[in-house]
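# Notes for the structure review
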Amino acid sequence: LPSYCQDTPSYSLFSLCVSESGRQKKAVVQWFVRVSEVPVSKLKLLGREPHPQEIFYYQGRSCDDEVDAESILRPVQVTFSDIRIGLHDRRKTCDSIVEYCDINFLLRYRFLSGLPFRHRLTVKRLEFLILPFVSFNRFLFGQVTPGTPRTPHGATPSIPSRTLPARQPANVLEEARTRLHVSSVPESLPCREQEFQDIYSFVESKIVDGTGGCMYISGVPGTGKTATVHEVMRCLQHAADVDEIPPFHFIEINGMKMTDPHQAYVQILQKLTGQKATADHAAALLEKRFSNAAPRKETTVLLVDELDLLWTRKQNVMYNLFDWPTRRHARLVVLTIANTMDLPERIMINRVASRLGLTRMSFQPYSFKQLQQIIMSRLNKVKAFEQDALQLVSRKVAALSGDARRCLDICRRATEICEHSAADPSASGLVGMSHVMEALDEMFSSAYITAIKCASVQEQLFLRAVIAEFRRLGLEEATFQQVFVQHQALCRVEGLQPVSVSEGLAVCQRLGACRLLLLEPSRLGVLQRVRLNVSQDDVLFALKAD
């Protein structure tokens, strides 16, 4: 390499063009520098910690792109493609190809002449790249000018198609496990026929009459609230397609999927019109849309899931959602879903609760017979469980929470246990009582439940206070100050000496360190917000068992 450039950059990617007749040899060079040679101010622009052996492209006035080649003086002998070369390790197999490098490098090269390896030849064009061992990227060789885009024009991302069809279930247990997955769409929705009919009649009457209204749907998690509403909307959409009822728009928002309650305006506007706007602008546009009459205006059915997460201090989001259906020309039907039955009385101010109205529906927890019927309908004549095993898991879950999703998860885990124990010659091939009991022990004997059982009396009381405060508020979070009031009340009920604020904070911090609670990362003290990192069912199960 030319001596006058050896003091500036450290490494180079270069293409050597050698002429047999001419004496002058030229090299097209791209220069690179080491991490130690890059100014600290430039390294900060990376936004990450560079690797000690990383190199960077250098484009400066001190080095030319085309220089005289002084390294290749005679024909070379080439062996295998990967050769390690050190600073003073000029091997006889690669005479004078590389004059300097300060750490072990990987030499990759290719010959455009097409001659095989281990041949002595006069190189007419040799291209190679020096790379650190930490990087094995493949570069496209040639005379590439800086700034040239590497991505082909018009390139679009695509997903390769399947080379083989999706694998079918190999046995009965695998098919049952697929059918019992919570994301699997069942052929029917059993045990919610009356609720389905009530919601269907309410929405259908509003669409036919061209009026608006609100319905509040409540129930503990896993009782089929959202699934029932989706089935109602599917049937109504089918009726609209065959012209049995007027056409309508159906849109859905979920408070769990929003970072801020005011994003509800943005999502509603975007799903209605495809228009993007800020929260304030979207609220104004929706206000105008639902207040003014328009020719051929279709009814809009809005499903608001996880309503309690749209709560704000002024409650303006909830107020607008419940007030718009009362407008004369709105033609808006709002269906709201939450887990707390008396949420309007707990957290809503009077003007908001009055707009919601009295049309309410409560989904009761599933009984053990209903859970058993749900599992049987999912399996759809697939014989994978013994009858006693189904009854056991249904009774266990119904006694705790009545959550159908948890019941399905336990059954799926039981099929996995049965499949792994299929090597036992005494096994019948069906999921039996022993498999269900093992799945129940796993489900209700997690590390979190063990930690709750091993917690101190004050820590267990604090968890009970958290759940009591959540149920009082109808929300899934509270401040430490609110929970501490409940904790002191529980201490008096249990005949224990109430702890001080500092001791209560210490208990809360210990539970946060065990990840049983999620604490707000701040120094607000008694005003920091507290959330449960485990389900309330797990906490109640652990405390009941204790």
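Above this note sits the structure.
These notes cover the structure that comes with them. On a predicted model such as this, the values are computed, not experimentally measured, just so you know. (Residues numbered from 1 in each chain as written. Predicted model: local features only at pLDDT ≥ 70, side-chain atom pairs only at ≥ 80, totals over all residues. Heavy atoms only, no water.)

## Some words on the nonpolar core
Within the largest apolar cluster, 95 residues are counted, with the highest numbers of intra-cluster contacts made by Leu 302, Leu 307, Leu 321, Phe 322, Phe 385, Phe 462 and Leu 517. Dropping the residues within four chain positions of it, Leu 307 is found in contact with Tyr 216, Met 318, Phe 322, Thr 336, Ile 337, Ala 338, Leu 343 and Met 348. Grouped together as the second largest cluster of nonpolar side chains are 22 residues, Ile 199, Val 203, Ile 217 and Phe 248 included. (Core = buried A, V, L, I, M, F, W, Y, C linked by side-chain atoms within 4.5 Å. Buried < 20%, exposed > 50% of the residue type's maximum accessible area, 1.4 Å probe, protein only. Contact = heavy atoms within 4.5 Å.)

## Concerning the side chain of Glu 459
Its location among the elements puts Glu 459 in helix α15 (residues 457–473). Take Glu 459: its relative accessible area is 12%, and that puts it in the buried class. (Helix = DSSP H or I, 4+ residues; strand = E, 2+ residues; numbered from the N terminus.)

## Brief notes about unusual backbone geometry
Despite not being glycine, Glu 306 shows a phi value in the positive range, around 55°. One can find Glu 306 in the loop between β10 (299–305) and α7 (316–323). Look at Gln 315: it is not a glycine, yet its phi comes out positive at around 60°. For Gln 315, the position within the fold is in the loop between β10 and α7. The exposure class of Gln 315 is buried, given its relative accessible area of 3%.

## Regarding helix α13 (residues 433–443)
The periodicity of an α-helix, 3.6 residues per turn, causes residues three or four positions apart to be oriented the same way. The set of residues buried in α13 consists of His 435, Val 436, Ala 439 and Leu 440. Buried residues of α13, seen end-on, are gathered within an arc of 135° and therefore sit on one face of the element. Buried residues belonging to α13 abut α11 (387–400) and α12 (404–420). (Arc of directions from axis to C-beta.)

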